[in-house]
Amino acid sequence: MSRGPSLRLLLAPRLLAARHALQRSYLKAVLLVAVTAAFWAGCFTFFTNVLEFFQTVTALGPLLTQRLLVMILVSFFAILTISNVVTALTTFYLASDVRFLLAAPVSRRRLHQARFTETLVASSWMVLLFGLPVFLAYGVVYQAGPLFYAAALATMLLLLVLCAALGVIITTGLVLVFPARRTRDALVVITVALVAGGYMTLRLLQPERLADPSEMAGFMAFLTSFEAPSSPFLPTTWAAEILIPLLGERGGDPLFHLGMLLTTTAVAYLASAGLVTTVYLKAWSRAQEGEVRRGGRRRLAAWLRPLAAPLPRTSGLLLVKDLTVFFRDASQWSQLLLLLALVVVYIYNFSALPIDDGTPLATTLREVVAFANLALAAFVIAAVAVRFVYPVVSLEGRAWWILRAAPLSLRSLWWSKFWIAFLPLAILGEILIVVTGQFLGVAPEQTAVFMATLALLIAAIVSLGLAFGAAYPRLDTQNAAQIATGFGGVIYMVTCLALIAVVVALEAWPISRLFWHQFAPFPVSGGEQAAIGIAFSGVAVVTLVTWAVARRTAIRHFARLG
Amino acid sequence: MIEFVGLRKDFGPSTVVEELDLVIPAGEIFGFLGPNGAGKTTTIKMMMGVLEPTAGTVILDGHDIATAPEEAKAQTGYVPDQPALYDKLTGMEFLRFVGGLYGLERGEIDERAHDLLEEFDMLTREEELIETYSHGMKQRLTLAAALMHRPRILVLDEPMVGLDPQGGLELRQILLALAASGVTVFLSTHSLSVAEELCDRIGILDAGRLIALGSLDELQSRAALRPETAPLDASLESVFLRLTAMEDHA
């Protein structure tokens, strides 16, 4: 009698899809390998330097090393567990092919194995990528023997499996209590809020103080007294107790702790398998329950309608539709929290700059920073546009036919999408320029020039976003973050950066002349005036030509989508 | 009225639709049949201005889809084979959106949407997100959306897929009523019984070519001329099999 499909067979669709994706674009694969290698090298160099620096602190060195390792392990463990909970929700309960597998003669145990493996790989590769160079740096700096590397690899793999098992157990428990879509929404929002909060906290702690030697000593004292959870019952403690003795820092019992980690991981895996085998059908059935709520939806539409009232009919309709969809999708609106954190930190950075002592050096510095601010604000807008503008076309998804079959010209459609993206980005960009200009004491005329330049740049960036979004559409996914990280998103970002660089290069000299003219008694010569005029015209021409070419490209690609 | 004028579509070296010339008068229910991959959906997409033809055009109620697409689309309702909708909108919100796209007055939109939801037995779920609807419900909502602006032409690509028997019966009654009121119905279907029951004329597309055109009687007469290809009885199914088999042999 057949024992049912093998694990390899169940994983084949994912493996084959990955292989086909690589075969389709060899260039992408090479680019991916190059970026990964650079990331690895960067991580390794950074940690090697940090650890070598710690070694120079003779008295505290070993303690700092240990604390840092515990901190890293605790962070990995927390990130991995959250990541596994989110991933398991999709792979076990929301993926479209689960229905197909449930109908097939596949045992629950085998189903668990396949989905567990998928969850493990999908949520762990990033941490593994980051973690291995860290452990490698530890080994190199402390000249550890081969046993350390083997133990580090084993510890890492055991931690990954343990977190995946915990993730599956927590997810299954949550799905049994709450509908899966609500659970996913809540998890997404909590995760994004944690990241945004962590980012803001980290910045507001003023890490630049650490450049001051006296502050550095304070930081070390903090690290030394860092109360990382170090209970003897925590897997991260066992992991640290495996690795630290093998670094030769102090004695210990690594084998015992490896045994603890191994047996706990095995028990957790078996517990997740047992739980899924027992309650999977019940949990999956619960996950299929849709969200039914009355009354609340009308309120959102009623709130949005006056907002769209001043717009032309079609633009208003698309605005209400796009915003309704946006605010009902937690994975989309929660990104606003990150954006808010970004804006707060950006403005805070400028408020904290020490450039107000009135010396000539400070004046020069202020000019440089004010001009760099234009480039930085444009960069922030480009980064936000990659996440919010580039996916706009793809997010219409397979429902694109509704717009194409409607009596709506592609030009009107483009203008609607353009205004919906341009207005909020322009408001955001101009606020950044004006508020930070205030902190820097930039003259109003200069701020006006920056505002005009940024408005032109934002128009071009939005137009490019629609063009690249239409040229590289991903109509099969509703995950905007996934859309933005695709090949087209990367090319779009690079194009935006090139555009910003050209504009900054064109404007640097005239801005500098106008700035110093404030302090010089002599007038700007006729020749210089002409050159300044040409440079500013150059900025207008470059941005407007980019805008127009991108617009034409976008409309041409719109026509091909259907 | 619908008029296909030399409509052709090439995908690279292969021709998917070959020089289609066809006139469908107002008030007719026209059945568009053909085996899988014959080019039916491609033809419909070109007809709706969703796909650009390689050559030729389609004239919908006097408006050329190539030169006056907005006017042509304003007269037409479209139900695609895969009714992908906006999952995060409710049924009512979706109909309001579509009503707005087709230029209905604000006051008229709610009334029309309400009537259509009632007609398609979806009023109780109008405030639920589309993502919670079954395939059949999405199909009915797409039909309701296609009828929001009272089109002069209705184009349906496999509309019976996903409908329960009651839904199928209601759709047939609606199509007959629309045709009686002068609406031209262009119906692509695999359901030969539906085509047999509803259609005034039938066109059979095979490998991109219109191989047969006429009423059921006319098609039966034509199929009877080639008795060696397949057994023939009075049904459209038998006519369809014989005519497409004739093409394969040719």
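Just so you know, these numbers come straight off a predicted model, no measurement behind them. Within every chain, residues take consecutive numbers counted from 1 along the sequence as written. All chains are assigned letters beginning at A, and all ligands numbers beginning at 1, according to the order in which they are written. Per-residue local features of the predicted model are confined to residues with pLDDT of at least 70, and side-chain atom pairs are confined, for both listing and counting, to 80 or more; whole-chain, interface and lining totals are unaffected and use all residues.

Caption draft 1: Structural view of the overall build of chain B. Helix and strand definitions follow DSSP, with helices as H or I runs of at least four residues and strands as E runs of at least two, each counted in order from the N terminus. A tally of regular secondary structure across chain B gives nine helices and 10 strands. Residues with at least 20 other C-beta atoms within 10 Å of their own are called buried, those with 12 or fewer are called exposed, and the rest are partly exposed. The C-beta atoms themselves are positioned from the backbone. The buried share of chain B, reckoned over its 250 residues, is 48%. Put simply, of all contacts in chain B between residues at least 6 apart along the chain, 65% involve residues at least 24 apart. Here the contact rule is simple: place C-beta atoms from the backbone, and any two residues whose C-beta atoms are within 7 Å are in contact.

Caption draft 2: Spotlight on the overall build of chain A. Helix and strand counts for chain A come out as 22 helices and zero strands. A burial count over chain A gives 33% of its 562 residues as buried. Contacts in chain A between residues far apart in sequence, at least 24 positions, make up 84% of those at least 6 positions apart.

Caption draft 3: Structural context of the sheet that holds strand β3 (residues 29-33) of chain B. Residue and element names in this part refer to chain B. The strand order across the open sheet formed by six strands is β6-β7-β8-β3-β9-β10, and the pairing between neighbours is mixed. One side of each edge strand has no neighbouring strand; the edge strands of this open sheet are β6 (76-79) and β10 (209-214). Between one strand axis and the next, the sheet turns by 15 degrees as a mean value, whatever way the strands run. Pairing between strands requires that DSSP locate at least two bridges from one strand to the other. Note that strand β9 (residues 201-206) and β10 share five bridges and pair antiparallel. A fitted line through C-alpha atoms represents every axis, and for helices the fit uses only the stretch in contact; the resulting angles, taken between N-to-C directions, go from 0 to 180 degrees.

Caption draft 4: Inspection of the nonpolar core at higher detail. Residue and element names in this part refer to chain A. Judged by nonpolar contacts, the single largest core of 139 residues is most densely connected at Ala385 and Val462. Here this core takes 13 residues from helix α19 (residues 444-471), the largest share from any one element. Those residues in contact with Ala385, other than ones at most four positions away along the chain, are Tyr390, Leu425, Ile461, Val462 and Gly465. By size, the runner-up hydrophobic cluster in this structure holds 52 residues, among which are Leu120, Met156, Ala164 and Ile242. In this description, a nonpolar core means buried residues of the types Ala, Val, Leu, Ile, Met, Phe, Trp, Tyr and Cys, linked to one another by C-beta atoms lying within 7 Å.

Caption draft 5: Broad picture of helix α3 (residues 91-101) of chain B. Residue and element names in this part refer to chain B. Counting buried positions over the 11 residues of α3 gives 11, a clear majority of the element. Buried within α3 are the following residues: Gly91, Met92, Glu93, Phe94, Leu95, Arg96, Phe97, Val98, Gly99, Gly100 and Leu101. Gly103 occupies a position one or two residues after α3 and carries a positive phi of about 80 degrees.

Caption draft 6: Unusual backbone geometry, seen in detail. Residues and elements named next belong to chain B. The backbone of Glu19 shows a phi angle near 35 degrees, a positive value even though the residue is not glycine. Considering the arrangement of structural elements, one finds Glu19 in strand β2 (residues 14-24). Here Arg150, not a glycine, exhibits a phi torsion of approximately 50 degrees, which is positive.

Caption draft 7: Inspection of the interface of chain A and chain B at higher detail. On the chain B side, the residues contacting the 26 residues of chain A number 30 residues. Elements with a minimum of two residues in the side of chain A that touches chain B: α11 (296-308), α12 (313-328) and α17 (400-405) of chain A. In terms of residue count, α12(A) provides more of the side of chain A that touches chain B than any other element does, six residues in total.

Caption draft 8: Seen up close, the packing of helix α6 (residues 146-177) of chain A against helix α9 (residues 235-246) of chain A. Residues and elements named next belong to chain A. Contact geometry for α6 and α9: axes closest at 9 Å, N-to-C directions at 170 degrees. Here α9 runs roughly antiparallel to α6, going by the angle between their axes. In this structure, α6 uses Leu147, Phe148, Ala151, Ala152, Thr155, Leu159 and Leu162 to contact α9, whose residues at the interface are Pro235, Ala239, Ile242, Leu243 and Leu246. Along the lines of polarity and charge, the residues of the contact of α6 with α9 split into 11 nonpolar, one polar and no charged. Should an angle fall under 35 degrees it is called roughly parallel, over 145 degrees roughly antiparallel, and 65 to 115 degrees roughly perpendicular, with every other angle called oblique. Side-chain classes follow a simple rule in which Ala, Val, Leu, Ile, Met, Phe, Trp, Tyr, Cys and Pro form the nonpolar group, Asp, Glu, Lys and Arg form the charged group, and the remainder, Gly included, forms the polar group.

Caption draft 9: Spatial organisation of the sheet that holds strand β1 (residues 2-11) of chain B. Residues and elements named next belong to chain B. Sheet architecture is open: four strands sit in the order β2-β1-β4-β5, paired in antiparallel fashion. Each end of this open sheet is capped by a strand with a single partner; those strands are β2 and β5 (63-64). Where β1 lies against β2, seven bridges are found, and the strand directions are antiparallel. For Lys9, the partnering residue across the bridge sits in β2 and is Val17.

Caption draft 10: Summary view of the environment of A:Leu68. Mapping A:Leu68 onto the fold places it in helix α3 (residues 61-94). Through-space distance from the C-alpha of A:Leu68 to that of A:Leu51 is 9.2 Å; in sequence the pair is 17 residues apart.

Caption draft 11: Structural context of helix α5 (residues 108-141) of chain A. Counted at 1.5 Å a residue, the expected span for α5(A) with its 34 residues is 50 Å, and the 47 Å between its end C-alpha atoms agrees. Of the residues trailing α5(A), A:Gln143 is marked for its positive phi of about 45 degrees. Given the number of residues in a helix, its expected span is that number minus one, multiplied by 1.5 Å.

Caption draft 12: Fine view of the packing of helix α18 (residues 410-440) of chain A against α19(A). Residues and elements named next belong to chain A. Where α18 contacts α19, the two axes come as close as 9 Å, and the packing angle between them is 150 degrees. Crossing of α18 against α19: the hand is right-handed. Between α18 and α19, the contacting residues are Trp414, Lys417, Phe418, Ala421, Phe422, Leu425, Ala426, Gly429, Glu430, Ile433, Val434 and Gly437 on the first element and Thr447, Phe450, Met451, Leu454, Ala455, Ile458, Ala459, Val462, Ser463, Gly465 and Leu466 on the second. Among the residues making up the contact of α18 with α19, the classes are represented as 16 nonpolar, five polar and two charged. Each crossing gets its hand from how the near helix is turned against the far one by less than a right angle, where anticlockwise is left-handed and clockwise is right-handed.

Caption draft 13: Highlighting the confidence of the model for chain A. As a per-residue quantity, pLDDT reports the predictor's confidence and falls between 0 and 100. On average, residues of chain A carry a pLDDT of 81, and 85% of them reach 70 or more. The least confident element of chain A is helix α8 (residues 213-224) of chain A, whose mean pLDDT is 55; the most confident is α19(A), at 93.

Caption draft 14: Structural detail: the environment of B:Gly99. Relative to the elements of secondary structure, B:Gly99 occurs in helix α3. Note: C-alpha distance between B:Gly99 and B:His149 (50 residues apart in sequence) is 6.5 Å.

Caption draft 15: Layout of the pairing of strand β8 (residues 184-188) of chain B. All names here are of chain B. Among the five residues in β8, five count as buried, and that is most of the element. Both β3 and β8 contribute to a ladder of four bridges, which runs parallel. Within the sheet, the bridge partner assigned to Phe30 lies in β8 and is Phe186. Relative to β8, strand β7 (residues 153-157) is paired through five bridges, and the arrangement is parallel. By the bridge assignment, Leu154 is partnered in β8 with Val185. Orient the strands so they point away from the viewer; a crossover is then right-handed if the path from the first strand over the helix to the second runs clockwise. One crossover worth recording links β7 to the parallel β8 by way of helix α6 (residues 165-180), and it is right-handed.

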